[in-house]
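Here is what each chain is made of, one letter per residue.
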Amino acid sequence: MPEFGVEDVVGALALPGGLVLMTAHHDGDRAGLMARSAMLCAEEPVLVAVAIRRGHPIAPLIRDSHTFALNLLHAPAPLLERKFGARIDTAAPDEAGDPFDAIPHRSLGTGAPVLDQCVSALDCEVVRHFDLEADHELYIGQVVGFRGPAKP
């Protein structure tokens, strides 16, 4: 994995109009969810915070794998927004089929899908999970892998 610094993560999270697709993988199942936003919450080690709607099928995958990836997109992505929107499907990930079958992707290390079309990606290990007793829950992840835009 390439080396990265806090400035890389800050730059990735500061994309204008950026969309954040949170992805996770565990035991052959994969899921994704468009998150409202992600933010840097510590520099040493590099930690990011992301809030997602409670009850989404991605939550058990994150809980069991203790990992997730944040795919940062800078332009509207109607297909991704429709496929990974905030609605909560009642079907389990294996019953709904693999949502990444037709989307070019790879992984950086944790196994969470990283889309080829994303501008930057943060591969994270969960260090904290907060059940907010509200309609969202909060994940804090330590960035263990980074893919940024190609440098000129």
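1. Details of the packing of aromatic side chains
Taken as a whole and assessed by the stated rule, the structure comprises two aromatic pairs. Ring geometry for phenylalanine 4 and phenylalanine 146: centres 6.0 Å apart, planes at 35 degrees, overall tilted. Taken as a pair, phenylalanine 4 in the segment before α1 (6-13) and phenylalanine 146 in strand β9 (residues 136-147) lie far apart in primary sequence, 142 residues in all. What makes phenylalanine 4 partly exposed here is its relative accessible area of 23%. Residue phenylalanine 146 is classed as buried on the basis of its relative accessible area of 9%. Between phenylalanine 68 and tyrosine 139 the ring centres are 6.5 Å apart and the planes differ by 65 degrees, which places this aromatic pair in the edge-to-face class. In this pair, phenylalanine 68 is assigned in strand β5 (residues 67-73) and tyrosine 139 in strand β9, connecting sequence segments 71 residues apart. For phenylalanine 68, a relative accessible area of 0% puts it in the buried group.

2. Thoughts on the nonpolar core
With 25 residues, the main nonpolar core has Met22, Val50, Leu70 and Leu122 as its most contacted residues. When contributions to this core are tallied by element, the ones reaching two or more residues are α1, β1 (19-26), β2 (29-35), β4 (46-53), α2 (58-65), β5, β8 (120-131) and β9. If near-sequence neighbours (up to four positions away) are discounted, methionine 22 is found in contact with Ala31, Gly32, Leu33, Val50, Ile52, Ile58, Ile62, Phe68, Ala69, Leu70 and Tyr139. By size, the runner-up hydrophobic cluster in this structure holds 16 residues, among which are Leu19, Leu21, Ala77 and Ala112.

3. As for the pairing of β2
Across the seven residues of β2, six count as buried, placing the element largely inside the fold. Judged from the seven bridges that link them, β1 and β2 form a sheet pairing that is antiparallel. When the sheet's bridge partners are listed, alanine 24 is paired in β2 with alanine 31. Once β1 ends, the chain turns through two residues before running back antiparallel as β2, passing aspartate 27 with a positive phi of about 50 degrees.

4. Describing the pattern of salt bridges
Tallying each qualifying case throughout the model produces four salt bridges. Measuring nitrogen to oxygen at the nearest pair gives 3.6 Å for the salt bridge that ties arginine 53 to aspartate 135. Taken as a pair, arginine 53 in strand β4 and aspartate 135 in the loop between β8 and β9 lie far apart in primary sequence, 82 residues in all. Notably, a salt bridge pairs arginine 54 with aspartate 131, separated by 3.0 Å at the nearest N-O pair. Of the two residues, arginine 54 sits in the loop between β4 and α2 while aspartate 131 sits in strand β8, which places them 77 residues apart along the sequence. Overall, arginine 54 belongs to the partly exposed group, its relative accessible area being 35%.

5. Description of the sheet that holds β9
Spatially, seven strands are ordered β2-β1-β5-β8-β9-β4-β3 in an open sheet, and the strand pairing comes out antiparallel. Edge strands, defined here as strands with exactly one partner in the open sheet, are β2 and β3 (38-43). On average, each strand axis in the sheet is inclined to that of its neighbour by 35 degrees, with strand direction left out of account. Relative to β8, β5 runs antiparallel, the two sharing six bridges. Opposite alanine 69, over in β8, you have aspartate 123 as the bridge partner. Here α1 sits on the sheet and contacts β3, β4, β5, β8 and β9; the angle it forms with β3, its principal contact strand, is near 160 degrees. Its contacts with the sheet place α2 against β1, β2, β4, β5, β8 and β9, and it is angled at close to 60 degrees to β1.

Rules and cut-offs
- Residues numbered from 1 in each chain as written.
- Predicted model: local features only at pLDDT ≥ 70, side-chain atom pairs only at ≥ 80, totals over all residues.
- Heavy atoms only, no water.
- Phe/Tyr/Trp six-rings, centres within 6.5 Å; stacked < 30°, edge-to-face > 60°.
- Helix = DSSP H or I, 4+ residues; strand = E, 2+ residues; numbered from the N terminus.
- Buried < 20%, exposed > 50% of the residue type's maximum accessible area, 1.4 Å probe, protein only.
- Core = buried A, V, L, I, M, F, W, Y, C linked by side-chain atoms within 4.5 Å.
- Contact = heavy atoms within 4.5 Å.
- Pairing = 2+ DSSP bridges.
- Salt bridge = Lys/Arg side-chain N within 4 Å of Asp/Glu carboxyl O.
- Axes fitted to C-alpha atoms, helices over the stretch in contact; angles between N-to-C directions.

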